[in-house]
Each structure stands twice: as structure tokens, then as C-alpha cells.
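Listed here are the chains, written in short residue letters.
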Amino acid sequence: GKKRQQIQQPVTRADQTIQARFQQPQSVQHFFAVSRVQTSQLRFDRRAQRYDLGSLGGRQLPEILQPPAAVPGAGRPAPAAASTLLEVLTWHAAATPDRVHVILLDEDGREQRITYGALQGEATAVGAALRQRGIRPGASVALMLRTERGFFAAFFGVLLAGAVPVPIYPPWRADRLEEYAHRQAGILRNARARLLVTFAEARAMAGLLRRRVPDLQDVVTLEALAGEAADGPAVAAPAGGPALIQYTSGSTGDPKGVLLSHANILANIRAFGQALGIRGDDVGVSWLPLYHDMGLIGTWLGALYHGVPLVLMPPLAFLARPARWLQALGAYRGTVSAAPNFAFDLCVRRVADEEMAGVDLAGWRLALNGSEPVSPESIERFTRRFARWGFRPEAMCPVYGLAESAVAFTVPPPGRGPRVDAISREIFERERRAVPAPAEASALRIVSCGRPLPGHAVRVVDERGREVPERVEGRIELRGPSVTSGYFRNPEATRAVIRDGWLDSGDLGYLADGELFVTGRRKDVIIKAGRNVYPQEVEELAGEVPGIRKGCVAAFGVPDPAIGTERLVVVAESRQRSGPARDRLRGAVTERVAAALGLPPDLVVIAPPGAVLKTSSGKIRRAATRQAYLSGTLGRHPSARMQWVRLAAGDVAARLARGGRAARRLLFAARAGLGLALTLPPLWLLVTLLPAGRAVERAVRTWCRLILGLAGCPPAVTGLERLPAAGPVVLAANHASYLDAVVLLAAVPRPIRFVAKRELLRTPLVGRIIRKVGHLPVERVDVARSAADADRVSAALRTGAWVVFFPEGTFRRAPGLLPFRLGAFKAAVEARCPVLPVAIRGTRQILPADTWLPRPGALEVVIGAPRRPGGPDWRDIVSLRDATRAAIAQALGEEER
């Protein structure tokens, strides 16, 4: 109106000030578009016909974000040769150390700018501090942190220490403390986290978690780590090694740890960037939490790889005032930003026109909508609402992905806009066929999530695993370099979802014209009156009823034995408390759902806020809400004080239990120590006096059985019937502890000779036993001596000896098989003798690396079926090695995942 004309009048003194500041705007209007200053913050001087900058109270005007400088190597993916995330950071820090990587905004809009060089320096310090604290390569380190500067340094610091980061979400709801403690303790136990890094305000909760997690050695704050300046080399990370354990949201069950390698993550980031056409002049804007895959990988690590500056604000800043997201997109000229579907609806409902003054969304070219079912109605509402501020329909980009594929899996062509498929509701719900019916008023509308990323594949299969034709609903299965190798320490769950190289996503959908249409989670589908009812549509309909909290509705089925089908239950949150008002809401929800679906809900529960349970990322936990409904605990939450009291009581119990475990550990150690004190002197005497050969071997074997028996952990042995009656044998065993040799000597009822490192000859008793029994020391450095040692091993096999190899060559505290060396299998091929895989369980628990204080535990030895060597070709040796390793890994199972 009139004021807009006044703003656009010829340049005033205030205009000149702004032009001098930005060197490009042509009017005061541009100032509002590129800054976070609202018109309400400035006083308009009607007499001078201009805005008075003095009304800012002397605050410095925010600077706009200039287009990113050209990166060396332009014209190719930034660090194209990088095979790990560490190499990506090193590449950027070396090429452009002073370039801004992240602009971190607080709730008041104040900035912290983090450059590539600063991030590498801070991460290096954290990595050195972690190594100084005893964090070993392969160990898990949990990060319970907010969106704050220290998160970035902590994440890369863990990687620089050779450890594996495990992001978990911090406590943020006072009415869910007990549930939070239970879920996070389960995650930490599964991850076997050695250290928990957190912030000062969360130390109390972190301390409670520590007593519930046996492997958790300490809790440390970011400030404490930063104060532990230390030096030391970084640990090199292999491309196929673990980069991250990302726990699923747990929307349909307990969270599972998705093990992602550096190769998985980089493959996803590269393919995602290629499919979306990420450019050097893009600017990312995000409020997504960093503990969630969409915020961590899809946003931050993706921006890091592509060299795209990222503007990041805390999730709570967005939830408290959603306009902040859109204002940041306008102020920083954001071009790429992702969010779950609910965020777009939240903006429609809660962003006021006044908050959009001066905001320009025309530069937003990729509005990625994913992480939860995409609603066509939500897309249309958001597009209509914000079109006047420049938002373009073709910018909306529905995508599909899951933690098991790093983050993204299918995307539509950028700039096309959403494709919505209108299909016959009745045919689809009864026959699972997606028949187009755009003219039907009751048509079911499904949004396309696009095609698979380059190098990836998707298929839809029936319950028998057979591919179905296009436009037939079935299980969505995925394959590609982004897909995880499995769940961390959960082989049963891994076997349930990965078959023949394909990952079962747990989702239902169909393909049409090569594009994926996701219809829902398989576990959530409600079968009623012979129809498949999809809860997200019921929830969307109920959420449109005035008085119902949108996004706070859960629909699920409960068995009804009387009619042999499921009853449709809708739990909808509302702030209404009076009985008549709730009755009206029940009727309105029933009428709304019945009119749209032709099927009324059997029961509508109007519940107080907080009754519908959600994951940390905001997804509806339908199974948990259903369980709360069935158990009668829906909406019942004890006070925060009472939850703290119960948690404290549990903490006392955990301390007592830990004390009991410590006492048992000390008793076990004392028992083992007493046994050593009583039996070692006689063994030393026998080894010294007996003649070399069989007599010493029998004495040592007897001592091994005796000491394990005295300690209370004699090994249980299975597979003895697989031992050959005669002839040479190579026994290939996993190596987890110094105790392994003792266990094998006690378990194998035949004379065996170990291939041992030559350094052991310098150990007084062990060196004497090696010489007198005739074990086979080998040189690991001197090439000439190493060749001679190998010849002695071959000669021993030719005489019919049973030779034990530890193909890993060494061991570490962290669980998991190391790569196998080829020496044992080359010797077996040359001697034409079988290889017996031997799996040793329990030694790492009783006597782990870097300690001589034993702990109670059980021992087991599993002898596998003999593997016969093929030909003398190099490929036969490798094949024999791989088959042996696979057999040992299978026998070890979860323990050595």
C-alpha cells in the first residue's frame, strides 16, 4: 500500500547507509529481504519519509551471506577421491581453511561461524583428549548433545580417535524422563558405549544412565574435553570401516543400531548430490536435529562434502517459533532445506503474516519433504500459503529414505514439483492394485517419492519375495552401496531384513512409471471389513477437525475376536476438558473419517496433550500408543518430581548391583590369582626339569585345564567329532585375548603347535615352553628370517603336526573379527591338509586387551567342519581364507558382530 510506495521512493540517507553496507541493494526493501530485522523493529519517520536506523538501538546490522568462493577443483565433486569422512574434512581444511562451513544460530538469531580449518583444529583436540582417556580404536562413544558448536568437533574427534560415534538425543521432556532413561540405557548397552559425551545441564541424567550401562566407563562434558589439551596422531579409518551407529527412531518397536561405514555414507551423499544437482552456489538452511539421520547425514555431512555453507538453528527454536526457519531461508538466501511433512503444516498454522515481512522464498529451489509420510494436502496448503512470499510449487521435492540406507534412497527430478497419483480407494484397499481414478471424489491420493538414486535399485515384492507388476502394492526392498551391512550386535534383526542382498524396508508401496509411491508401514496397516486401512490417512483426517491437535493423532487396530477382524481406534489429543466439548469432538472425528473413507472408526478417544507417544524425531509411535491404550495408561504421566524420585531409586539399585558385580569380579580375580600362585611354581619346575618334547607338552596341557578349573571357567567344547583321526591339520582360530592359547590347549585333546610371534621367546616361562615343546615362532619384520620361519611351519605340517594359527595376527578390546592374513591358508594349500575353523567365545570378556585383572565369564570352543584346500592358485588360497573366516564369524554370532 502507501507504506510500500514510501519504502520504494528514491534513495534516502538511510538507503545510502544500507547501500554502503551491502554494496548492491537499490532500496530499503532489499534490506528487509537480506537481514533478520523486521519492519516492526524500525521506527518509520513520516516527516522524513524513511525508516530510522537509529531505532535499532545501536545494534550492528547482520551481514548477508555472500555466494561461496570457488573451491579448488571446481567442475568435479569436491573431494572426489576421499574414501572416508575424515579425508573429506581434511580436504576442505587444506583447500579453504578460512571458508565458512556452518553458521550456527541461537534462539535469538545470534551467529557463530565455524570454518573448515577451525572445525579440524577443534576435532583434532577432542580426538587427542579421547585417546588420552583410553578410548581405543573400534570403541563406541555416545554423543548426547544439542545443536551446538561442540557437536561437530566431538563427532569428528571420535573418528580421529579411531572410535565410532553414536549420536543419541538429549533429554527434552520433563514428563518423559523415565521413558527416556529406559530407551537410552538400552541403546547405550547395545552400542557398548565406553564414554558418553554430554553438556553440563544433562550431567545428572547422564550419570543415571551410567549406572545402567555396564560398559560405560565415564561421562564427560564438552567443556572438560576441551580443557584436556593433548597431542597425538590421528587413527586412520578404512573406507569400509564403521563411521557411525545410527539408531532408528523406534516408531514401530525398540530402536536398532544401523551400522554405517564411511563408504555407505559417502556413496549416499554423492548419489544424492548428483540426483538433486547440488551446486557450488547452494546454501543450506536447517533446524533438523543432528542426532537424526536426516539432519546428521542428509544435511550436515552432505553440506560438508559438497562445500555448501549451512545455516543451522536448534530444533526447539523452530518448534517454538516456526517463522524462524522461513526467515533464515530469506535472510541467508537459502536454496536447499529439508524437513518432515509436519513442519510444513506447522508453518501453515503458526506463522503469522507479520512475521513474513521482507522474507523472500524465491531462491528456495529444493524443499525436501521426507522422514515421514508425505501428505498431498500438506503440500498444497504450504504452497498456497507461502506463494505470496515467492515459494514456487516446483520447489517442493518429496523424497524417501531410511536410516538403513544412510538417509535418502529415492528422489524426484529437481524442479518438476510433486506428482500426486489419484487411485481408486475401493480397489486399492481390497485388491492392493493402484488403479488411476482422478475423477473419483473419494480417490486415494499418494505422492510420488521419485526414482532410486544413481547406482541404487528398488523393487516391490509379495509376501513370498516375488516381484509384483507395476501399480500393485507390496513390500518395498532396496539395494545399493548406501545400504547398511546390518544392525549392530543384532544378527537376528539383520537376518530378518537382509536377504539375497536386498533390504526389506518394512514399508509398503507400489511402482508406477519407475517411480516409487509409499503407502505406509507394514506393521501399521489396519485390516477392517476386508479392507486395508492406512493409519496416516485417518490421522490426517482427524487432525483437520477444529479442536484436535494436528500431528497429535494416532490410529491403530485392536483385535475383535467377536467379528474376526480389527477395530479401528483413533486417539486424538485436544486441550478441551469438558465432557460435552469432548463428545462433540468425538462425533466430528467420526463423521470426518466416515465421510472420507466410507468407514467410521469403532472408537475415538479424546486424550490430553502428550498422550500420543512420539519418537525423538516427531514420528507417531502407534504401537506404543496402542499398548498404552490397551494397558489403561494412556495419557497418564507421573510428575517430573516423581519420575526423578523413581529414577534415583533405580540408580541406588543400579549402584548396589554394580557393587555386587565388582565384588564378584574381585573374588574371581582373587581366586584366579590364588590358583596361579599355587600352580605356577610347580609348572616352572616341571618345564625346567622335564626333557623337551611330549613330556613338557603334557605338563603344560594339564596345567591349562587345572588353572581354568580352579578359576571356575572350564571351556565347553563342541565339534570334537570333527577332528580328523590322523594327518596334518591347520587350526585357524579367532584371537580375542592372551587367554586364547590356554583355552585351546585345554580344549583340544591332541598335541598342537602354535605359530607365535618371535617376541614371545624373550618372555621367561613362555619362551622356555615354546622352545621345549617345539612351538613355531615367526619373525614379523625381518623378511629373510620370516621366509625361513615359514619354511619351518611347512616342514612341521609335512611331518603330520597339528598347527594352530591366529590369522588376525593380533587382538583388540572392541568386539569384531579383524581381517585374516593369508599365511595359514597358504601353508595348508602347500601341505594339502584341511583347515579347521575354531571359534573361541568368552576370552575377551574374561581377560580383555590392556588389562591383567580377569572378570567372571564362561568359555566355549566351537570346532567347525574341515575346509579342504582347492588348487594351488592364489585365488584358491583367498577362497579358503574367506570360507574359514565366514565359518568362524557365524559360530561367534552376535558376540563378534
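Worth saying up front: this structure is predicted, and the values here are computed from it rather than measured.

Visitor: Would you explain the overall build of the chain in this entry?
Guide: When helices and strands are counted, the chain shows 28 helices and 37 strands. By the burial criterion, 54% of the 897 residues in the chain qualify as buried. Counting only contacts in the chain whose residues sit at least 6 apart along the sequence, the fraction spanning at least 24 positions is 72%. Accessible area of the chain: about 38,000 Å², with a carbon and sulfur share of 55%.

Visitor: Can you help me understand helix α24 (residues 764-773) in this one?
Guide: Within α24 the residues assigned to the buried category are Leu-765, Gly-767, Ile-769, Ile-770, Lys-772 and Val-773. Two residues or fewer after α24 comes Gly-774, characterised by a positive phi angle close to 95°.

Visitor: I tried to follow the nonpolar core on my own but got confused; where do I start?
Guide: In globular proteins that are soluble, nonpolar side chains generally tend to be buried together. Ranked by size, the top nonpolar core spans 123 residues in total, and within it Phe-155, Phe-156, Trp-300, Leu-301, Trp-325, Leu-326 and Phe-386 carry the most contacts. Here Phe-156 is in contact with Leu-85, Leu-86, Leu-89, Ala-123, Trp-300, Leu-301 and Leu-304, once residues within four sequence places are set aside. Judged by nonpolar contacts, the second largest core, of 39 residues, contains Val-700, Trp-703, Leu-708 and Val-804.

Visitor: Help me understand empty space enclosed by the protein in this model?
Guide: All chains considered together, the criterion is met by five cavities of 30 Å³ or more. As a volume, the largest cavity reaches approximately 260 Å³. Lining the largest cavity are 23 residues, and of these Ile-278, Gly-298, Thr-299, Ala-303 and Val-336 lie nearest its centre. Of all elements in the fold, only α10 (262-276), β11 (284-286), α11 (293-306) and β13 (336-339) reach the threshold of two or more residues within the lining of the largest cavity. By residue number, the principal contributor to the lining of the largest cavity is α11, which donates six residues.

Visitor: What is the right way to read the pairing of strand β7 (residues 193-198) from this model?
Guide: Consecutive residues of a regular strand have side chains that alternate between opposite faces of the sheet. Counting buried positions along β7 yields six of six residues, so the element is predominantly enclosed. Summarising the sheet, strand β5 (residues 140-144) and β7 pair through five bridges and their orientation is parallel. For Ser-140, the partnering residue across the bridge sits in β7 and is Ala-193. The pairing of β7 with strand β8 (residues 218-221) spans four bridges and is classified as parallel. Paired with Leu-196 across the bridge in β8 is Val-219. Handedness of the crossover joining β7 and β8 through helix α8 (residues 203-210) is recorded here as right-handed.

Visitor: Help me understand the pattern of salt bridges in this model?
Guide: Opposite charge on two side chains lets them pair, provided their charged atoms get close. Here the structure, examined in full by the defined rule, presents 49 salt bridges. Residues joined in a network through salt bridges with shared partners are Arg-459, Glu-463, Arg-475, Glu-477, Arg-499, Asp-504 and Arg-522.

Visitor: I would appreciate a short explanation of the side chain of Ser-574 in the present structure.
Guide: Here Ser-574 lies in strand β29 (residues 565-574). Ser-574 gets classed as buried once you look at its relative accessible area, which sits at 1%. Within the structure, Ser-574 has its side chain in polar contact with the backbone oxygen of Gly-547 (distance 2.8 Å). A distance of 3.1 Å separates the side chain of Ser-574 from the backbone nitrogen of Gln-576, its partner in a polar contact. Every residue in contact with Ser-574, bar those within four places of it in the chain, is listed here: Gly-547, Ile-548, Arg-549, Arg-582, Leu-585, Ile-606, Ala-607, Pro-608 and Pro-609.

Visitor: I tried to follow the packing of aromatic side chains on my own but got confused; where do I start?
Guide: Aromatic rings considered in pairs are described by the distance between their centres and by the relative angle of their planes. Taken as a whole and assessed by the stated rule, the structure comprises 28 aromatic pairs. Ring centres of Phe-151 and Phe-152 lie 6.2 Å apart, and the angle between their planes is 85°; on these two criteria the pair is classed as edge-to-face. Owing to a relative accessible area of 1%, Phe-152 belongs among the buried residues under this scheme. Where Phe-382 meets Phe-386, the ring centres are 4.8 Å apart and the plane angle is 45°; that geometry is what we call tilted. Placement of the pair is Phe-382 and Phe-386 together in helix α15 (residues 376-386), with a separation of four residues, close to one helical turn. Among the residues examined, Phe-382 registers a relative accessible area of 0% and is labelled buried.

Visitor: Teacher, can you tell me more about the environment of Arg-149 here?
Guide: Among the structural elements, Arg-149 can be located in helix α6 (residues 149-160). For Arg-149, a relative accessible area of 23% gives the class partly exposed. Between the C-alpha atoms of Arg-149 and Gln-112, which are 37 residues apart in sequence, the distance is 8.1 Å. Discounting chain neighbours no more than four positions away, the residues touching Arg-149 are Leu-104, Gln-112, Arg-113, Ile-114, Ala-118 and Glu-122.

Visitor: I keep staring at the sheet that holds strand β16 (residues 400-401) and nothing clicks. Help me out?
Guide: The pairing of strands in a sheet happens through backbone hydrogen bonds and is either parallel or antiparallel. If you trace the three strands from one edge of the open sheet to the other, you get β16-β17-β20, paired in antiparallel fashion. Unpaired on one side and paired on the other, β16 and β20 (451-452) mark the two borders of the sheet. Bridge analysis of β16 against strand β17 (residues 408-411) gives two bridges, and the strand direction is antiparallel. For Gly-401, the partnering residue across the bridge sits in β17 and is Ala-408.

Visitor: Sorry, what's going on with the confidence of the model for the chain here?
Guide: Close inspection of predicted coordinates is inappropriate for parts of the model with low pLDDT. Here the chain averages 84 in pLDDT, and 87% of its residues register 70 or above. Confidence over residues 1-77 falls short of pLDDT 50; this stretch has 113 contacts with residues more than four positions distant or in other chains.

Visitor: For this particular structure, what's the right way to read the sheet that holds strand β34 (residues 776-778)?
Guide: Reading across from one edge, β31-β37-β36-β32-β35-β33-β34 is the order of the seven strands in this open sheet, with mixed pairing throughout. In this open sheet, the two strands that pair with only one neighbour each are β31 (716-718) and β34. Strand after strand, the sheet turns through a mean of 25° between neighbouring axes, direction not considered. Direction of pairing for strand β33 (residues 753-757) relative to β34: parallel, over a ladder of three bridges. Paired with Ala-756 across the strands is Pro-777, a residue of β34.

Visitor: Looking at this model, I keep getting lost on the packing of helix α4 (residues 85-95) against α11. Mind explaining?
Guide: The angle between the axes and the distance between the axes are what describe a pair of packed helices. Between α4 and α11, the least distance of the axes is 9 Å, while the angle of their chain directions is 50°. For the element pair α4 / α11, the angle class is oblique. Crossing of α4 against α11: the hand is left-handed. Residue-level inspection shows Leu-85, Val-88, Leu-89 and His-92 of α4 in contact with α11, the latter providing Leu-301, Leu-304 and Tyr-305. The residue inventory of the contact of α4 with α11, partitioned by class, reads six nonpolar, one polar and no charged.

Visitor: Where do I start with the environment of Arg-792 in this structure?
Guide: Of note, Arg-792 is situated in helix α25 (residues 783-798). Relative accessible area serves as the criterion here: at 39%, Arg-792 is assigned to the partly exposed category. When the C-alpha atoms of Arg-792 and Val-778 are compared, they prove to be 9.1 Å apart, with 14 residues separating the residues in sequence. Not counting the four nearest positions on each side in its chain, Arg-792 is found in contact with Arg-758, Leu-776 and Pro-777.

Visitor: I keep staring at the side chain of Lys-550 and nothing clicks. Help me out?
Guide: Note on placement: Lys-550 falls in strand β28 (residues 548-560). Each residue touching Lys-550, except ones within four places of it in the same chain, is listed here: Asp-345, Arg-349, Arg-381, Glu-540, Gly-543 and Glu-544.

Visitor: What is the right way to look at helix α5 (residues 116-132) in this model?
Guide: Each turn of an α-helix holds 3.6 residues, which means side chains three or four residues apart point in the same direction. With 17 residues, α5 extends 24 Å between its outermost C-alpha atoms, agreeing within 8% with the 24 Å of an ideal straight helix rising 1.5 Å per residue. Those residues of α5 lying buried are Tyr-116, Leu-119, Ala-123, Val-126, Gly-127, Ala-128, Ala-129, Leu-130 and Arg-131. Positive backbone phi, approximately 90°, marks Gly-134, located one or two places after α5.

Visitor: Sorry if this is basic, but what is going on with the packing of α4 against α6 here?
Guide: One can describe the packing of α4 onto α6 by two numbers: an axis separation of 10 Å at closest approach and a directional angle of 115°. The hand of the α4/α6 crossing is left-handed. Between α4 and α6, the residues in contact are Leu-85, Leu-86 and Leu-89 and Phe-155, Phe-156, Leu-159 and Leu-160, respectively. A class-by-class count of the residues in the contact of α4 with α6 yields seven nonpolar, no polar and no charged.

Visitor: Could you clarify how one ought to interpret unusual backbone geometry in this entry?
Guide: Excluding glycine, residues mostly carry a negative phi; peptide bonds, for their part, are mostly trans. At Arg-333, a residue that is not glycine, the phi angle is positive and equals roughly 55°. Residue Arg-333 is classed as partly exposed on the basis of its relative accessible area of 36%. Look at Arg-432: it is not a glycine, yet its phi comes out positive at around 65°. Checked against the element boundaries, Arg-432 lands in the loop between α16 (425-431) and β19 (444-447). Arg-432 sits in the partly exposed class, given a relative accessible area of 27%.

Conventions and cut-offs
Residues numbered from 1 in each chain as written. Predicted model: local features only at pLDDT ≥ 70, side-chain atom pairs only at ≥ 80, totals over all residues. Heavy atoms only, no water. Helix = DSSP H or I, 4+ residues; strand = E, 2+ residues; numbered from the N terminus. Buried < 20%, exposed > 50% of the residue type's maximum accessible area, 1.4 Å probe, protein only. Contact = heavy atoms within 4.5 Å. Areas by Shrake-Rupley, 256 points an atom, 1.4 Å probe, with all protein chains shown as cover. Core = buried A, V, L, I, M, F, W, Y, C linked by side-chain atoms within 4.5 Å. 1 Å grid on protein atoms, 1.4 Å probe; cavity = no way out; pocket = protein on both sides within 12 Å on 5 of 7 lines; lining within 4 Å. Points joined across faces, edges and corners; volume = space filled by probe spheres on them. Pairing = 2+ DSSP bridges. Right-handed = clockwise from strand over helix to strand, strands pointing away. Salt bridge = Lys/Arg side-chain N within 4 Å of Asp/Glu carboxyl O. Polar contact = N/O pair within 3.5 Å; in protein donor to acceptor, adjacent residues only side chain to side chain. Phe/Tyr/Trp six-rings, centres within 6.5 Å; stacked < 30°, edge-to-face > 60°. pLDDT = per-residue confidence, 0-100. Axes fitted to C-alpha atoms, helices over the stretch in contact; angles between N-to-C directions. Parallel < 35°, antiparallel > 145°, perpendicular 65-115°, else oblique. Left-handed = near helix turned anticlockwise from the far one by under 90°. Nonpolar A, V, L, I, M, F, W, Y, C, P; charged D, E, K, R; others polar. Expected span 1.5 Å × (residues − 1).

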